[in-house]
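Structural characterization, general
Each chain, letter by letter, is given below.
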Amino acid sequence: MERENVWKSYDEAALKELNGLNEGYKAFITEGKTERKCVKETIRQAKEAGYRDLDEVIKNGETLKAGDCVYAQIMGKAIALFKIGKRPLTEGMNILGAHIDSPRIDIKQNPLYEDTDMALLDTHYYGGIKKYQWVTLPLAIHGVIVKKDGTVVDVEIGEKEEDPVVGITDLLIHLSADQMEKKARTVIEGEDLNVLVGSQPLQGEEKDAVKAQILKFLKETYDVEEEDFLSAELEVVPAGKARDFGFDRSMVIGYGQDDRVCAYTSMKALLEVGELERTGVCLLVDKEEIGSVGATGMDSNFFENVVAEVLDRLGMYSGLNVRRALKNSKMLSSDVSAAFDPNYPSVMEKKNAAYFGKGLTFNKFTGRGGKSGSNDANPEYIAEIRAIMEKHHVAFQTAELGKVDQGGGGTIAYISARYGMQVIDSGVPVLSMHAPWEICSKADIYEAKKGYVAFLLEA
């Protein structure tokens, strides 16, 4: 059941559409390096497509009907978009669910200190990372600082051409005899991921003069004090734009493609699809990389609460109808898959691996070892998905996440499956997953968007 490389099937029209989609995608992940920025950009594009804020609909006492488009967000970090279908919501929704958080390094609440005339920021890494990959890179800082009066200050340092960048140093090879004997997980310790931000003393200061210089910069640039770090949310990410990768420009390299590649294609599919029989939903959530916890993660009641509000605006609300709407739904848990890497073939089982250029990937299950922590999709649902993809000429493949006992991972699928809805993992294969810079195939991105549109129309 080997799949053909889909590049061979494209004509000039398809290549033009493919390249247009990928240009938009590169811009999205270049701008959207945090969850907040992804939500902000999603709202901007949704409004351009005619979507309205559900809170405003509720406030104005308006009702909803087939064809209406609304969105709801929570804390600026998760968002759900709805395109109301012709059939009652109690008959279920077609849901594209992805996450918009990515592995990174977070700045602690009391971070700034000086050591030997150098100013540094203490950090705490977020999600599963190989810590040694994050040293000696140009890094940027994105996020918000909230002052005591409630003023929200947006922070972005390191992305403009004229901006300075920051970074984490590494031990020089000449003095690293002991370091080189360590295992990869301890070559760089979590407590050593300190971000160097300055080395020039402030004139006239005797104690901690370099730290004082940094505080002066923050005051002049953002009008914040050191104490304001207590209510800040600052993320350290790779500096720079997403770019074409390969001499043939067939791939994209960029930060945060797990899982913003599926978030973007899901969002574009819903914004561009026409009339729907069943209500279409694009659900973009936070905190997947640390267990989908918290108010903005999939394990919260955010989505359930929004479904209740939509039912109310449709004149259909009851507790039982919320349960029916969720139970009768179908979902693609749109998350990335591990692409086969010819440099590391030993961790993959070739017959059941995802490959670049072979389209949207479906994972019947994820999990670890004996499928621990996995949603395991029903074969009846898989057969339905196969038929939809083939009807709409979507290139797709099936895969597992590497060899059975090699490792593993999970997605938000099992959480949605609690409602009794049909769920399967689907997404784009990625090379160097969770590294500061990840790589995807433009063809797979294109096929993913096509597949998501087909799902919204047919499931």
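Report follows, based on the coordinates.

Direction vectors running N to C along helix 1 (residues 12–31) and helix 6 (residues 257–272) enclose 130 degrees, while the axes themselves pass 10 Å from each other. Here helix 1 lies oblique to helix 6, going by the angle between them. Both helix 1 and helix 6 take part in a crossing whose hand is right-handed. Taken together, the residues of helix 6 that come into contact with helix 1 (itself represented by Leu 21, Gly 24, Tyr 25, Phe 28 and Ile 29) are Gln 257, Arg 260, Val 261, Tyr 264 and Met 267. Residue composition of the contact of helix 1 with helix 6, by class: seven nonpolar, two polar and one charged.

What follows deals with unusual backbone geometry. Asp 258 connects to Asp 259 through a cis peptide bond whose omega is 15 degrees. Looking at the element boundaries, Asp 259 is found in helix 6. Even without being a glycine, Arg 249 presents a positive backbone phi close to 55 degrees. With respect to the element layout, Arg 249 can be found in the loop between strand 11 (243–245) and strand 12 (251–254). Judged by relative accessible area, Arg 249 falls into the exposed class, the value being 52%. For His 393, which is not a glycine, the phi torsion comes out positive at approximately 55 degrees. On the secondary structure map, His 393 appears in the loop between helix 9 (379–391) and strand 18 (396–398). Classification of His 393 as exposed rests on a relative accessible area of 65%.

As a further point, take a nonpolar patch on the surface. Judged by side-chain polarity, Leu 171, Leu 172 and Leu 175 come together as a nonpolar surface patch covering roughly 280 Å² of accessible area. Along the chain, Leu 171 falls in the loop between strand 8 (152–157) and helix 4 (184–187). The class for Leu 171 is partly exposed, based on a relative accessible area of 39%.

What follows concerns helix 7 (residues 302–313). End to end, helix 7 covers 17 Å across twelve residues, agreeing with the expected 16 Å (1.5 Å per residue, within 8%). For helix 7, every residue scored as buried is listed here: Phe 302, Phe 303, Glu 304, Val 306, Val 307, Ala 308, Val 310, Leu 311 and Arg 313. For helix 7, the secondary structure elements touched by its buried residues are helix 3 (54–59), strand 2 (69–74), strand 3 (78–83), strand 4 (93–99), strand 13 (279–285) and helix 8 (319–327). Remark: Gly 315 follows helix 7 within two positions and exhibits a positive phi of approximately 75 degrees.

The next thing to look at is the packing of aromatic side chains. The geometry of an aromatic ring pair is captured by two quantities: the separation of the ring centres and the angle between the planes. One pass over the full model with this rule turns up eight aromatic pairs. Ring geometry for Trp 134 and Tyr 255: centres 6.5 Å apart, planes at 85 degrees, overall edge-to-face. With Trp 134 in the loop between strand 6 (118–126) and strand 7 (139–146) and Tyr 255 in the loop between strand 12 and helix 6, this residue pair connects regions lying 121 residues apart in the sequence. The burial state of Trp 134 is the same as that of Tyr 255; both residues are buried. Here Phe 340 and Tyr 355 contribute two aromatic rings whose centre-to-centre distance is 5.3 Å and whose plane-to-plane angle is 35 degrees, an arrangement assigned as tilted. On the criterion of sequence distance, the pair formed by Phe 340 in the loop between strand 15 (337–338) and strand 16 (360–363) and Tyr 355 in the loop between strand 15 and strand 16 is long-range, its members being 15 residues apart.

Quick notes on the rules
Each chain carries its own residue numbering, running from 1 in the written order of its sequence. Only residues with pLDDT of at least 70 get local features here, since the model is predicted, and only at 80 or more are side-chain atom pairs given and counted; chain-wide, interface and lining totals rely on the full set of residues. Only hydrogens and water are set aside; all other atoms, that is, all heavy atoms of the structure, feed into the side-chain values. Axes, fitted as lines to C-alpha atoms, cover a helix only where it is in contact. Angles between the N-to-C directions of the axes lie from 0 to 180 degrees. Helical segments are the DSSP runs of H or I of at least four residues, strand segments are the runs of E of at least two, and each set is numbered from the N terminus. Relative orientations are named as follows: roughly parallel for angles under 35 degrees, roughly antiparallel for angles over 145 degrees, roughly perpendicular for angles from 65 to 115 degrees, and oblique for any other angle. Each crossing gets its hand from how the near helix is turned against the far one by less than a right angle, where anticlockwise is left-handed and clockwise is right-handed. By definition in these notes, contact holds between two residues if any of their heavy atoms fall within 4.5 Å. Each residue is assigned to one class: nonpolar for Ala, Val, Leu, Ile, Met, Phe, Trp, Tyr, Cys and Pro, charged for Asp, Glu, Lys and Arg, and polar for all the others, Gly among them. With a 1.4 Å probe rolled over the protein chains alone, any residue whose accessible area is under 20% of its type maximum counts as buried; one over 50% counts as exposed, and the rest are partly exposed. Surface patches are drawn from residues lacking salt bridges whose relative accessible area is over 30%; two like charges belong together within 9 Å, two nonpolar side chains (Val, Leu, Ile, Met, Phe, Trp, Tyr) within 5 Å. Areas reported as accessible are Shrake-Rupley estimates using a 1.4 Å probe. Residue values count occlusion only from the protein chains shown. Within this document, salt bridges are pairs made up of a side-chain nitrogen of Lys or Arg and a carboxyl oxygen of Asp or Glu, the two lying within 4 Å of each other. In this analysis, the expected span of each helix is defined as 1.5 Å times one less than the number of residues it contains. When two rings of Phe, Tyr or Trp (its six-membered ring) have centres within 6.5 Å they constitute a pair, described as stacked for plane angles under 30 degrees, edge-to-face for angles over 60, and tilted for the intermediate range.

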